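# Survey of secondary and tertiary structure
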Amino acid sequence: RDRAHLLDEDAIPEEFLDPLTFTLMDNPVTLPSSGQVVDRAVILRHLESAETPDDPFSRTPLTPDMLQPNDELRERIGAWKAAHQAAS
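Residues numbered from 1 in each chain as written. Predicted model: local features only at pLDDT ≥ 70, side-chain atom pairs only at ≥ 80, totals over all residues. Heavy atoms only, no water.

Below, the discussion takes up the overall build of the chain. From N to C terminus, the chain includes three helices and three strands. Of all 88 residues assigned to the chain, the portion counted as buried reaches 25%. Long-range contacts, defined as pairs at least 24 residues apart, comprise 46% of the intrachain contacts of the chain with a sequence gap of at least 6. Total accessible area computed for the chain in this model is approximately 5,900 Å², and 52% of it derives from carbon and sulfur atoms. (Helix = DSSP H or I, 4+ residues; strand = E, 2+ residues; numbered from the N terminus. Buried < 20%, exposed > 50% of the residue type's maximum accessible area, 1.4 Å probe, protein only. Contact = heavy atoms within 4.5 Å. Areas by Shrake-Rupley, 256 points an atom, 1.4 Å probe, with all protein chains shown as cover.)

Counted under the stated rule, the structure contains five salt bridges. E72 is the partner of R76 in a salt bridge, and the nearest nitrogen-oxygen pair spans 2.8 Å. In this pair, R76 and E72 are both assigned in helix α3 (residues 71-87), four residues apart and thus about one turn of the helix distant. What makes E72 partly exposed here is its relative accessible area of 45%. Overlapping salt bridges bring together E15, E72 and R76 as one network. (Salt bridge = Lys/Arg side-chain N within 4 Å of Asp/Glu carboxyl O.)

Let us now look at the packing of aromatic side chains. Per the counting criterion, the structure on display carries one aromatic pair. A centroid spacing of 6.2 Å and a plane angle of 75° characterise the contact between F16 and W80, whose relative ring orientation is edge-to-face. On the criterion of sequence distance, the pair formed by F16 in the loop between α1 (2-10) and β1 (28-30) and W80 in helix α3 is long-range, its members being 64 residues apart. For the residue pair F16 and W80, the accessibility class agrees, reading buried in each case. (Phe/Tyr/Trp six-rings, centres within 6.5 Å; stacked < 30°, edge-to-face > 60°.)

Here we come to the sheet that holds strand β2 (residues 37-39). Judged by pairing direction, the sheet is antiparallel, and its three strands sit side by side in the order β2-β1-β3 without closing on themselves. The sheet is open, and its two borders are formed by β2 and β3 (68-69), each paired with just one other strand. One ladder, built from two bridges, connects β1 with β3; its direction is antiparallel. Across the sheet, the residue bridging to T30 is Q68, located in β3. Against the sheet, helix α2 (residues 40-49) contacts β1, β2 and β3, and its axis sits at roughly 85° relative to β2. (Pairing = 2+ DSSP bridges. Axes fitted to C-alpha atoms, helices over the stretch in contact; angles between N-to-C directions.)

What follows concerns the confidence of the model for the chain. Where the model shows low pLDDT, its predicted coordinates should not be examined in detail. Of all residues in the chain, 86% have pLDDT values of 70 or greater, and the mean over the chain is 89. Long-range and interchain partners of residues 1-7, a stretch whose pLDDT sits below 50, account for zero contacts in this model, where long-range means more than four residues apart. (pLDDT = per-residue confidence, 0-100.)

In structure tokens form, the structure reads like this:
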């Protein structure tokens with residue numbers, strides 16, 4: 001029972017996970033056409049490797065300068081990471 005409680009507390013909140021890689025985001029950005037939030041490094045890799053650089057959710061053209069920083073979410077992820085590193 002205690003172990004299950006700890007696992008629940010340690011679970012990464014879903015909103016902190018990149019929807020393409022399901023990994024914890026470091027630098028979340030919002031995609032302007034779809035409104036999806038993804039990690040900057042992940043979307044930049046997608047844009048570099050895609051035949052036609054686009055928003056993977058809406059398939060509309062996308063360039064790196066169109067990415068919108070999501071500072072509020074980045075700060076919340078940083079606080080969550082700091083709290084969980086301190087607890088480890």
